[in-house]
Amino acid sequence: QVQLVESGGGLVQAGGSLRLSCAFSERTFSSKPMGWFRQAPGKEREFVAAIMWSTYYADFVKGRFTISRDVANNTLSLQMNSLQPEDTAVYYCAAEPRGRLLVNEYNYWGQGTQVTVSS
């Protein structure tokens, strides 16, 4: 019943920008922590950003990525600027953390959207 659907991924050149969106079906998510994670082939899923009353970012995206939430439209967004090849990964929207926001311990996940950055 709970659905998280990511969109906005694609192929961009280094230095380019993308805006990812996550549409969520559960209205209560608007008042609970949500986050973005990413996973590259052969690597563990890693924290990118999270939002509740404030925002939290992984060090490697600070100053480049911005997480936001549109409560009225039940969407979570991730604006990604100055993309680099190392940002290439599948990006996942997550909701309802079971533990710390920065840890891969969320109850709900989207299917992911591919982001590929060419050099």
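An account of the accompanying structure is given in this report. (Residues numbered from 1 in each chain as written. Predicted model: local features only at pLDDT ≥ 70, side-chain atom pairs only at ≥ 80, totals over all residues. Heavy atoms only, no water.)

Turning our attention to the pattern of salt bridges. All chains considered together, the criterion is met by four salt bridges. Across the salt bridge formed by Arg 38 and Glu 46, the nearest N and O atoms sit 2.8 Å from each other. You can call Arg 38 buried: its relative accessible area is 5%. For Asp 87, the salt bridge identified is with Arg 64, shortest N-O distance 2.7 Å. In this pair, Asp 87 sits in the loop between β8 (75-80) and β9 (89-97) while Arg 64 sits in the loop between β6 (55-57) and β7 (65-70), placing the two residues 23 residues apart along the sequence. Across this residue pair, the class does not change: Asp 87 and Arg 64 are buried. Linked through salt bridges whose partners overlap, the residues forming this network are Arg 38, Glu 46, Arg 64 and Asp 87. (Salt bridge = Lys/Arg side-chain N within 4 Å of Asp/Glu carboxyl O. Buried < 20%, exposed > 50% of the residue type's maximum accessible area, 1.4 Å probe, protein only. Helix = DSSP H or I, 4+ residues; strand = E, 2+ residues; numbered from the N terminus.)

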